[in-house]
Amino acid sequence: MKIDRARAQRAFADYAAHYNTADPKVKLKIDHTYRVAALCSRIAESLSLPQQDIDLAWLSGILHDVGRFEQLRRYNTFMDAQSVSHAALSVSVLFDEGHIRDYLDDTNADSLLRAAVEWHSAFRLPDSLDERTQRLCQILRDADKIDILRVNVETPMEEIYNVTTAQLRQSPVTPAVLDAFYEHHCVLHSLKKWPADNAVGHASLVFELCYPESLRIVDEQGWLWRLLAFKTDNPDTARAFEKITAEMKRWLKANGC
């Protein structure tokens, strides 16, 4: 099976063009998609995988968020808790509506790609995945988490989470969110009660990265530290982020960065 990257990229661009590309939120997801695909390719290359699997990893990055555009059109939000699962919507667009054939004709990789898209934003992967499928899922999940750090710095959180600057700057951090961070795992959406919880939650994604190359990329890019330089007028929140930053530095050093 050969994947034509140029064809796949055209197919994605054509699909996205059906939406309002002048909308900053649409552009955000287009740019995010291309970066995630590139990160998937880099991580896969670091594992010395066959070229076919490197190309599959890249393609999973192109496909993973196609449902975001319809989510935004229908619900005017990227918050799954306030709308629908964007991963499930991506699967529906690609495999129920048949758009996967816009990207490649060969059906042999459909189950692999479907699993990667379906599970890319899940809290945990199911135990039932075979080794190759699990690896593709982990590569995509790593790449997506890495770029989420960037998105939450480059795009004002007020726009992403539909909150005011005042709400963001006065926000406390939910104790359960802090507990999850110090337990070194990602934060369940259901625990997040305040706007500042999103910054802590996204920083905690670093604990879930599977591959050494992923940690190297985080260290190289520096978006994590900019995210943790959280602007707040709440003294308790300021102290919380100082401690969070110190713990993250300690953890990364212990893990080779």
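Here the structure is a predicted model, which means the values were calculated and not measured.

(A) Expanded view of the nonpolar core. Counting 82 residues, the largest nonpolar core has L59, Y103, L113, V206, L224 and M248 as its most contacted members. Other than its neighbours up to four places away in sequence, L224 contacts L149, A203, V206, V218, M248 and L252.

(B) Focus on the side chain of T174. Structurally, T174 is set in the loop between α9 (165–170) and α10 (175–182). For T174, a relative accessible area of 10% puts it in the buried group. At 2.6 Å, the side chain of T174 forms a polar contact with the side chain of D197. Beyond its immediate chain neighbours, meaning those up to four positions away, T174 contacts L191, K193, W194 and D197.

(C) Region of the structure containing the environment of T155. Within the secondary structure, T155 sits in the loop between α7 (131–154) and α8 (157–161). For T155, a relative accessible area of 13% gives the class buried. In this structure, the C-alpha to C-alpha distance between T155 and H184, residues 29 residues apart in sequence, is 25 Å. Not counting residues up to four positions away in its chain, the partners in contact with T155 are L28 and I160.

(D) Geometry of empty space enclosed by the protein. One pass over the full model with this rule turns up 1 cavity of 30 Å³ or more. Reported here for the largest cavity is a volume of approximately 70 Å³. Taken together, L49, D53, L56, L112, R132, R135, L136 and I139 make up the full set of residues lining the largest cavity. Examining the composition of the lining of the largest cavity, we find that 4 residues originate from one element, α7, more than from any other. Residue classes in the lining of the largest cavity are distributed as 5 nonpolar, no polar and 3 charged.

(E) Spatial organisation of the packing of helix α2 (residues 24–46) against helix α3 (residues 51–63). Remark: α2 packs on α3, axes separated minimally by 7 Å, with the N-to-C direction vectors making an angle of 160°. One finds that α2 runs roughly antiparallel with respect to α3. In this structure, α2 crosses over α3, and the sense of that crossing is right-handed. Contact with α2, carried on its side by T33, Y34, V36, A37, A38, C40, S41, A44 and E45, involves I54, A57, W58, S60, G61 and I62 of α3 and no other residues of that element. Looking at the contact of α2 with α3 residue by residue, the classes come out as 10 nonpolar, 4 polar and 1 charged.

(F) The arrangement of the packing of aromatic side chains in detail. Summed over all chains, the structure comprises 9 aromatic pairs. Between the aromatic rings of F181 and Y182, the centroid separation amounts to 5.2 Å while the plane-to-plane angle is 85°, which identifies the pairing as edge-to-face. Judged by its relative accessible area of 0%, F181 is buried. Taking the relative accessible area as the measure of exposure, Y182 reaches 37% and is therefore partly exposed. An aromatic cluster of at least three residues, connected via ring pairs, comprises F12, Y15, Y19, Y34 and F69. Sitting over the face of the ring of F78, K29 holds its NZ or CZ atom 5.0 Å from the ring centroid. Note that K249 overlies the ring of W225, its terminal NZ or CZ placed 5.7 Å from the centroid.

(G) Fine view of unusual backbone geometry. In this structure, S48 is a non-glycine residue whose phi angle is positive, near 55°. Secondary-structure assignment places S48 in the loop between α2 and α3. Unlike most non-glycine residues, H184 shows phi in positive territory, near 65°. In this fold, H184 is placed in the loop between α10 and α11 (195–204). By relative accessible area, H184 is classed as partly exposed at 25%.

(H) Region of interest: the side chain of S214. Relative to the elements of secondary structure, S214 occurs in helix α12 (residues 212–221). Judged by relative accessible area, S214 falls into the buried class, the value being 0%. Setting aside residues up to four positions removed in sequence, S214 forms contacts with I43, D142, I146 and L209.

(I) Up close: α3. Taking 1.5 Å per residue, 13 residues should reach 18 Å; α3 reaches 18 Å between its end C-alpha atoms and fits that length. Within the sequence span of α3, burial applies to D53, I54, D55, L56, A57, W58, L59, S60, G61, I62 and L63. Along its buried surface, α3 packs onto α1 (5–16), α2, α5 (86–96), α6 (110–119) and α7.

Each value, and the rule that gives it
Each residue is numbered by its place in its chain's sequence as written, counting from 1. With the structure being a predicted model, the display of local features is reserved for residues of pLDDT at least 70 and the display and counting of side-chain atom pairs for 80 or more, all residues being used for whole-chain, interface and lining totals. As a convention, hydrogens and water are excluded, and side-chain values are obtained from all of the structure's heavy atoms. What we call a nonpolar core is a set of buried Ala, Val, Leu, Ile, Met, Phe, Trp, Tyr and Cys residues that are connected through their side-chain atoms within 4.5 Å. The buried label applies to any residue whose accessible area, calculated with a 1.4 Å probe on protein chains only, is under 20% of its type's maximum; exposed applies above 50%, and partly exposed to all values in between. Here, two residues are considered to be in contact whenever any of their heavy atoms come within 4.5 Å of each other. Each helix corresponds to a stretch of at least 4 residues labelled H or I by DSSP, and each strand to a stretch of at least 2 residues labelled E; elements are numbered beginning at the N terminus. As used in this structure description, the phrase polar contact means that two N or O atoms lie within 3.5 Å; if the pair is within protein, one of them must be able to donate a hydrogen and the other to accept it, and residues adjacent in sequence are counted only when both atoms belong to side chains. Cavity means a closed set of points on a 1 Å grid over the protein atoms alone, one where a 1.4 Å probe fits but cannot get out, pocket means an open set with protein on both sides within 12 Å along at least 5 of 7 lines, and lining means a residue has an atom within 4 Å of a point. Grid points are joined across faces, edges and corners, and a volume is the space filled by probe spheres set on the points. Note that Gly is not counted as nonpolar here; it falls among the polar residues with everything else outside the nonpolar set of Ala, Val, Leu, Ile, Met, Phe, Trp, Tyr, Cys and Pro and the charged set of Asp, Glu, Lys and Arg. Axis geometry follows a simple rule: fit a line to the C-alpha atoms, using only the stretch in contact for helices, then measure angles between N-to-C directions, giving values from 0 to 180 degrees. Comment on the angle field: the value is read as roughly parallel under 35 degrees, roughly antiparallel over 145, roughly perpendicular from 65 to 115, and oblique elsewhere. Handedness of a crossing follows from how the near helix is turned relative to the far one, being left-handed for an anticlockwise turn of less than a right angle and right-handed for a clockwise one. For Phe, Tyr and Trp, rings pair up if their centres lie within 6.5 Å, where Trp contributes its six-membered ring, and each pair is then called stacked (planes under 30 degrees apart), edge-to-face (over 60) or tilted (otherwise). In this analysis the charged atom, NZ for Lys or CZ for Arg, is taken to sit over a ring once it is within 6 Å of the ring centre and within 35 degrees of the ring normal. Multiply 1.5 Å by the residue count of a helix minus one, and that product is the helix's expected span.

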